[in-house]
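Each chain, written out:
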2 protein chains.
Amino acid sequence: MLLKIDFNSDEAIYMQLRNQIIVGIATSEIRDGESLPSVRDLAETLGINMHTVNKSYALLRQEGYLKLDRRRGAVVSVSPDKMRATMEMLEEMKVVVAKGICRGITREEALQMVDEIYRYYGTEE
Amino acid sequence: MLLKIDFNSDEAIYMQLRNQIIVGIATSEIRDGESLPSVRDLAETLGINMHTVNKSYALLRQEGYLKLDRRRGAVVSVSPDKMRATMEMLEEMKVVVAKGICRGITREEALQMVDEIYRYYGTEE
DNA sequence: TTATTGTTACACTTCTGATAGAACAAATAT
DNA sequence: ATATTTGTTCTATCAGAAGTGTAACAATAA
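Residues numbered from 1 in each chain as written. Chains lettered and ligands numbered in written order. Predicted model: local features only at pLDDT ≥ 70, side-chain atom pairs only at ≥ 80, totals over all residues. Heavy atoms only, no water.

**Details of helix H1 (residues 13-26) of chain B**
All names here are of chain B. Under the convention used in this document: Strands are runs of DSSP state E lasting at least two residues, helices are runs of H or I lasting at least four, and both sets are numbered from the N terminus onward. Each residue after the first adds 1.5 Å to the expected span of a helix. Partly exposed describes any residue whose relative accessible area lies between the buried limit of under 20% and the exposed limit of over 50%, with all areas from a 1.4 Å probe on protein chains only and scaled to the type maximum.
Look at H1: 20 Å from first C-alpha to last across 14 residues, which is about the 20 Å you get at 1.5 Å a residue. Along H1, ten of the 14 residues are buried, which leaves the element largely enclosed by surrounding structure. Where H1 is concerned, the buried positions are Gln-16, Leu-17, Arg-18, Asn-19, Ile-21, Ile-22, Val-23, Gly-24, Ile-25 and Ala-26. Residue Ser-28 follows H1 closely and has a positive phi angle near 65°.

**Concerning the packing of helix H1 (residues 13-26) of chain A against helix H4 (residues 82-102) of chain B**
This is how it is decided: Angular values range over 0 to 180 degrees, each being the angle between N-to-C directions of two axes fitted as lines to C-alpha atoms, with helices fitted over their stretch in contact. Our angle categories are set so that under 35 degrees counts as roughly parallel, over 145 as roughly antiparallel, 65 to 115 as roughly perpendicular, and the remainder as oblique. What makes a crossing left-handed is the near helix being turned counterclockwise from the far one by less than a right angle; a clockwise turn instead makes it right-handed. Contacts were defined at the residue level, with two residues in contact if any of their heavy atoms lie within 4.5 Å. Lys, Arg, Asp and Glu make up the charged group, whereas Ala, Val, Leu, Ile, Met, Phe, Trp, Tyr, Cys and Pro make up the nonpolar group; the residues left over, Gly among them, are polar.
Where H1 of chain A contacts H4 of chain B, the axes come no closer than 8 Å and their chain directions differ by 50°. Here H1 of chain A lies oblique to H4 of chain B, going by the angle between them. The two elements H1 of chain A and H4 of chain B cross, and the hand of that crossing is left-handed. Across the interface between the two elements, Arg-18, Asn-19, Ile-22, Val-23, Ile-25 and Ala-26 of chain A from H1 of chain A touch Lys-94, Val-95, Ala-98, Lys-99, Ile-101 and Cys-102 of chain B from H4 of chain B. A per-class count over the contact of H1 of chain A with H4 of chain B returns eight nonpolar, one polar and three charged.

**Re the packing of aromatic side chains**
Centre-to-centre distance and the angle between the planes together describe a pair of aromatic rings. Our working rule: Two rings from Phe, Tyr or Trp (for Trp, the six-membered ring) form a pair when their centres are within 6.5 Å of each other. A pair whose planes differ by under 30 degrees is stacked, one over 60 is edge-to-face, and the rest are tilted. Two conditions define a charge located above a ring, namely a distance within 6 Å from the ring centre to NZ of Lys or CZ of Arg, and an angle within 35 degrees of the ring normal.
Taken as a whole, this structure holds two aromatic pairs over all chains when the rule is applied. Measuring from centroid to centroid gives 6.0 Å for Tyr-120 of chain A and Tyr-121 of chain A, while their planes differ by 45°, and the two rings are tilted. Accessibility expressed as a relative area gives 66% for Tyr-120 of chain A, which makes it exposed. Sitting over the face of the ring of Tyr-65 of chain B, Arg-103 of chain A holds its NZ or CZ atom 4.1 Å from the ring centroid.

**Topic: the relation of the copies chain A and chain B**
Heads up, the rule is: The superposition of copies rests on a least-squares fit of C-alpha positions from residues with pLDDT of 70 or more in both.
Each copy of the sequence occupies a distinct position, and chain A is placed on chain B by a rotation of 180° and an axial shift of 0.0 Å, giving an RMSD of 0.0 Å. Here the symmetry operator amounts to a two-fold rotation axis. Minimal C-alpha separation from the rotation axis in chain A is found for Leu-111 of chain A, amounting to 3.0 Å. An overlap of 100% is found between the interface residues of chain A and their copies at the interface of chain B, pointing to a shared contact surface.

**Observations concerning the domain arrangement of chain A**
Selection rule: Boundaries of every domain are those given by an automatic assignment or by a domain database.
We note that the domain assignment places domain 1 (13-76) and domain 2 (82-120) within chain A. Taken over C-alpha atoms, the centre of domain 1 of chain A sits 26 Å from the centre of domain 2 of chain A.

**What to know about the pattern of salt bridges**
Just so we agree on the cut-off: Take a side-chain nitrogen of Lys or Arg and a carboxyl oxygen of Asp or Glu: if they are within 4 Å of each other, that pair is a salt bridge.
Under the counting rule described, the total for this entry stands at twelve salt bridges over all chains. In this structure, Lys-99 of chain B and Glu-92 of chain A form a salt bridge, with 2.8 Å as the shortest nitrogen-oxygen distance. Here Lys-99 of chain B is found in helix H4, whereas its partner Glu-92 of chain A is found in helix H4 (residues 82-102) on a different chain. When its relative accessible area of 14% is taken as the criterion, Lys-99 of chain B is described as buried. Note that Arg-84 of chain B is salt-bridged to Glu-88 of chain B, the shortest N-O span being 3.3 Å. Here the residue Arg-84 of chain B and the residue Glu-88 of chain B both occupy positions in helix H4, the gap between them amounting to four residues, near one helical turn. Using a relative accessible area of 34% as the deciding quantity, one classes Glu-88 of chain B as partly exposed. Look at the salt bridges and you will find they share partners, linking Asp-115 and Arg-119 of chain A together with Arg-107 and Glu-108 of chain B into a network.

**Quick notes on the interface of chain A and chain B**
The cut-off we apply is this: Take the accessible area each of two parts loses on contact, using a 1.4 Å probe, and add the two losses: that sum is the buried area. A 3.5 Å cut-off defines polar contacts: any pair of N or O atoms within that distance qualifies, except that in protein one atom must be a possible hydrogen donor and the other a possible acceptor, and neighbouring residues in sequence count only when both atoms are side-chain atoms.
Each partner contributes residues to the interface: chain A has 46 residues there, and chain B has 46 residues. Summing both partners gives a buried area of about 4700 Å² for chain A against chain B, and 69% of it is carried by carbon and sulfur. On the chain A side of the interface with chain B, the three residues burying the most area are Arg-103, Arg-107 and Tyr-118 of chain A, jointly 18% of the side's total. Our count for the chain A to chain B interface comes out at four salt bridges. One salt bridge connects Arg-107 of chain A with Asp-115 of chain B, and the closest N-O pair in it is separated by 3.8 Å. Seen at the junction of chain A and chain B, the total is ten residue pairs in polar contact (both at pLDDT 80 or more). Ranked by residue count, the leading element in the side of chain A that touches chain B is H4 of chain A, at 16 residues. Looking at the side of chain A that touches chain B, its residues break down into 25 nonpolar, nine polar and twelve charged.

Set out below in C-alpha cells:
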C-alpha cells in the first residue's frame, strides 16, 4: 500500500496518514488482520517523526479501525457501531453536500460521485 | 437563520460558523443577495469575539461565498467554478465514504443518505 | 540475551485559534 | 456636517495543537 505525505498541505500529517489508511482499509488494500509497518519504520520511510506516526495509529485505534499488539500493528475493522457511524457520516456529508449545492452541483452529480467512489473502492467482494 | 456555537466541540468556532453559513446558503435560508449580521452584532449574539466572526466572513469571501460591502455583508454565490468544486468535493467525499465502508455502510445506504440531504436542503426552487 | 515492538514522559519550537484594544477609511443615518 | 456603524487591519497576549527530538519502559520475538 502506498502512503504519501504532502508537506505543503494544510492538513495535519497525522491526519493525512489516518485518512489514507482508512481509505486503504475501505479499498481492501489493507486486509482485515494484516499489519501495518512499525511506527519507526514508517516514520523513516515517510521522512517524519516516530511520534507523528504513533499519533495516527493511536487515533485509528481509538476510532476502532486498528488493534495493536506489541510486535504487530494488526488491522481490525471492529466496532461496526453502525448507528453511530451513520450519524457521523451524515454530519460530515451535510457540509460536503452543502458546499456542492452552493457551487451548482446537482443531486444527480453528487449521487453519481458517491456511486463512482464505491465502484472505485470495489464494494464487490 | 439560526446560528449556534458548540463550545464543547473540537471543531474551531470560525469553522462551525463557516459550515453553518454554507449550509444556510445551500438550503436557501440565506438567499442570494441577502446580508448577514455585522461582525460585531453576530459576535455579541453568539458570545464570541469580533475577530472570530471576521475570520469566518473573510474565509467565506476568499472561498467565493460572500461579497462584502462596507455596510452590508452581502451574500453572493459567485464563482461556480464547477470543475474545481467537483474535484474538491470528490476528495472530501472519498474520506467520508471510506469511513462509511469500514463501518459497513453500503452503497445503497450512502446514496440514500445523499439523496435525503438534497431533499432536506430543498433542491427544488 | 538481544533486538524490536508500542507506549510514555519530558522538552522544545512553531503555528493556529481565540481574545483584546485600538485605529482606519468608507458608508449610512441624523 | 456630525456622529455612528461598517469591514478591515495592526499589535499583542494566551492557550493549545502539531511536529520533532531524546530517552526510557514492559512486552514480545528472534
